[in-house]
Amino acid sequence: MRKGKSTITLANVTKRFGDFEAVSDVTLAVEPGQVVGFVGPNGAGKTTTISMMMGFLKPSKGTVTVLGTNIEPQTSHSVHGSIGYVAGDMVLPGALSGRQFLAFSAARNGRIDERFNSLVDKLQPVLHKPLKQLSRGNKQKIALIAALQHAPTVLILDEPTSGLDPLMQDVFLDTVKDESKRGTTVFMSSHILSEVSSVCDRIVFMRAGKFILDKPVRELTSQLGKHIVIKGHDVGKLAKFLPDSAKLLYKNANEIRLSIPSANIKTFMRWIVTKEFDDILIEDRDLDDVFHELYGGKTK
Amino acid sequence: MMRTLLTRTLYEKRWFLAGWSVVFAVMTTLVLLFYPSFSEGPAIDELTKTMPQQLRGLIGDPDQYKTIEGFIASQIYDIRMPLLIMIMGLVLSVGLTVREEETGELRTLSAVKLSRTRLLVEKWLAGSLIVIALNLVAAAGTYVGVLALGEPLPHELIWRLMTLSSIFGIVAFSIPFSVGIGSGNRAATMFIGLVVTVGSFLLTTFAKAVDWLKDWEVLSLVHYYDTQSLKSGDFSQADISVLLVVLLAVLTFAIIRFRSRDIA
């Protein structure tokens with residue numbers, strides 16, 4: 001039952017575990033071909049949201065739709081053949097070899113031989129050993145091949161690179177980028193913002209069960225502006241007189257840190273050169289700064 | 001080999017099956033090696049004369065130990081087989097259900113194109129085939145033991161006992177399996193599995209000697225596993241019907257619950 005053109009929709013979805021509300025009335029639409037980064041600290045509700053998309057959990061309220069199918073535990077299997085799913089903490093059956101596990105996945109979801117061979121060539125997985133004997137990275141390679149060998153329409157990734165070494169992370173993200181070029185819709189949760197900004201074209205921030213920011217990555221990065229550190233004797237008093245466009249992030253007597261939109265940087269520079277200070281450091285802000293601002297941590 | 005969850009589960013459980021096969025084969029063969037001591041010695045005759053009626057209720061009629069048919073029915077299939085099969089069924093059902101959910105393997109399995117009902121049925125079929133395989137091993141062990149003793153082979157009785165034990169074993173396995181897959185709760189699975197196993201044995205054993213327990217004995221699963229009547233007659237249709245009704249009820253509960261519940 002096709003409900004609209006969006007690949008994934010969440011409509012006023014809530015998930016409660018007893019008295020605890022893990023996800024609170026969230027709404028989202030992911031369009032075909034979009035690569036969405038899903039960001040938030042531990043306990044924000046990311047895995048719970050993804051678990052409802054996969055049909056592992058039933059929403060307490062609202063509806064989840066993937067590829068036009070209303071996702072419930074008893075119906076989700078009907079779209080699993082079009083979804084590739086990888087989680088960072090995914091547990092593979094230890095008694096099977098990689099080849100056996102992939103054969104089982106292929107029997108259920110399908111396999112395109114040419115694609116399977118190219119994934120094996122690219123990722124070089126260990127196929128003959130029991131999965132319980134493999135390292136985390138090698139298990140993730142098997143999980144990724146299982147998720148991609150049937151050329152899924154949607155890729156749902158739940159912190160897929162957690163625990164992987166940087167080299168393996170790069171291989172993993174390259175593979176995801178290849179998928180997005182193919183037109184696959186990707187929904188990827190992560191708290192590694194560099195990987196989100198390198199792979200995704202849209203980013204959704206989640207905090208305490210709610211979506212608090214949902215923007216295209218390009219728009220977000222263009223609005224990030226600059227991060228400025230001013231040092232000098234008694235510069236702390238300048239904080240009172242900052243231009244409206246500047247946002248004070250930190251101050252003490254001899255140092256202030258602030259952020260400012262790129263569009264206002266010239267005005268700010270004209271203002272600051274009239275003041276006394278010893279040193280000034282100006283750098284581009286990145287998604288880590290947004291993350292820290294949204295979640296109340298320190299900026300770098 | 002890996003095309004279905006049924007064959008995959010059987011492959012994953014191959015060492016479990018091998019280990020329990022040794023237990024069942026050794027148990028049946030070993031028990032039969034004691035048959036000459038029971039059938040030939042005068043002690044059993046003495047026991048028969050002096051045993052109080054209440055004790056006879058607990059350990060059964062000593063006369064039955066004097067024929068190979070009676071010995072097989074009472075010493076292998078009346079006590080040891082149901083107890084072993086219930087313990088094995090509990091271990092197997094926990095392994096197939098709550099252990100996989102606790103480790104996260106059930107989520108991985110639920111991410112493929114496989115309906116919850118089919119997932120449950122294929123796992124249950126795999127468990128039931130393991131129960132049947134172990135009963136075949138026990139029957140083979142019985143054959144080996146009887147041949148070693150040079151006694152005539154009671155083919156029909158062995159196959160009847162094996163069939164009844166298989167049906168009983170499937171039901172005994174299905175109860176904790178259904179609780180495990182229906183709830184995902186290890187404590188509930190272990191509790192109900194142990195209550196059914198231990199409770200059934202205590203009820204059936206003591207009901208023979210304790211009058212007030214007699215009315216409650218119908219609650220024991222072992223009550224519907226009557227090996228003694230198989231020696232002389234056919235299967236009790238009433239007993240088989242009760243076992244099948246229990247099986248149907250627990251599987252229906254499991255399917256309804258598992259289709260709609262959250263997977264941890």
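See above for the structure.
Report follows, based on the coordinates.

Criteria and thresholds
- Residues numbered from 1 in each chain as written.
- Chains lettered and ligands numbered in written order.
- Predicted model: local features only at pLDDT ≥ 70, side-chain atom pairs only at ≥ 80, totals over all residues.
- Heavy atoms only, no water.
- Pairing = 2+ DSSP bridges.
- Helix = DSSP H or I, 4+ residues; strand = E, 2+ residues; numbered from the N terminus.
- Axes fitted to C-alpha atoms, helices over the stretch in contact; angles between N-to-C directions.
- Contact = heavy atoms within 4.5 Å.
- 1 Å grid on protein atoms, 1.4 Å probe; cavity = no way out; pocket = protein on both sides within 12 Å on 5 of 7 lines; lining within 4 Å.
- Points joined across faces, edges and corners; volume = space filled by probe spheres on them.
- Nonpolar A, V, L, I, M, F, W, Y, C, P; charged D, E, K, R; others polar.
- Buried area = accessible area lost by both parts, 1.4 Å probe.
- Salt bridge = Lys/Arg side-chain N within 4 Å of Asp/Glu carboxyl O.
- Polar contact = N/O pair within 3.5 Å; in protein donor to acceptor, adjacent residues only side chain to side chain.

Some points on the sheet that holds strand S9 (residues 202-207) of chain A
All names here are of chain A.
Reasoning step 1: Ordered in space as S6-S7-S8-S3-S9-S10, the six strands form an open sheet in which the pairing is mixed. Of all strands in the sheet, those with a lone pairing partner are strand S6 (83-87) and strand S10 (210-216), marking the two edges. Sheet twist, expressed as the average angle between the axes of neighbouring strands with direction ignored, equals 15 degrees.
Reasoning step 2: Strands in contact with helix H1 (residues 46-54) are strand S3 (35-39), S6, strand S7 (154-158), strand S8 (185-190), S9 and S10; relative to S7, the strand with the most contacts, it is inclined by about 150 degrees.
Reasoning step 3: Sheet contacts for helix H5 (residues 136-148): S6 and S7; angle to S6, the most-contacted strand, approximately 165 degrees.

Details of empty space enclosed by the protein
Reasoning step 1: Under the definition given, this model contains four cavities of 30 Å³ or more.
Reasoning step 2: In this structure, the largest cavity encloses a volume near 110 Å³.
Reasoning step 3: Along its surface, the largest cavity is lined by 13 residues, and Tyr85, Met90, Asn109 and Ala146 of chain A together with Val112 of chain B are the ones closest to its centre.
Reasoning step 4: Elements with a contribution of two residues or more to the lining of the largest cavity: S6, helix H3 (98-109) and H5 of chain A.
Reasoning step 5: A per-class count over the lining of the largest cavity returns nine nonpolar, four polar and no charged.
Reasoning step 6: Taken as a whole, the second largest cavity encloses approximately 60 Å³ of empty space.
Reasoning step 7: As for the second largest cavity, its lining consists of Met54, Gly55, Phe56, Pro73, Ser76, His77 and His80 of chain A together with Ser110, Leu114, Ser115, Arg116 and Leu119 of chain B.

Points about the sheet that holds strand S13 (residues 255-260) of chain A
Residues and elements named next belong to chain A.
Reasoning step 1: The strand order across the open sheet formed by four strands is S12-S13-S11-S14, and the pairing between neighbours is antiparallel. A strand with exactly one partner marks an edge of an open sheet, and here the two such strands are strand S12 (247-252) and strand S14 (279-284). On average, each strand axis in the sheet is tilted by 15 degrees relative to the strand beside it, whichever way the strands run.
Reasoning step 2: Note that strand S11 (residues 226-231) and S14 share six bridges and pair antiparallel.

Quick look at the interface of chain B and chain A
By a frequent convention, interface size equals the accessible area lost on bringing the separate parts together.
Reasoning step 1: Taken residue by residue, the interface counts 27 residues in chain B and 29 residues in chain A.
Reasoning step 2: Together chain B and chain A conceal approximately 2,500 Å² of surface at their shared face, both sides included; 57% is due to carbon and sulfur atoms.
Reasoning step 3: Considering only the side of chain B, the residues that lose the most area to chain A are Met2, Arg107 and Lys113 of chain B, jointly responsible for 24% of the buried surface there.
Reasoning step 4: Across the contact surface, chain B and chain A share one salt bridge.
Reasoning step 5: The salt bridge involving aspartate 262 of chain B is made with lysine 15 of chain A; its shortest N-O contact spans 2.6 Å.
Reasoning step 6: At the boundary of chain B and chain A, one finds 12 residue pairs in polar contact (both at pLDDT 80 or more).

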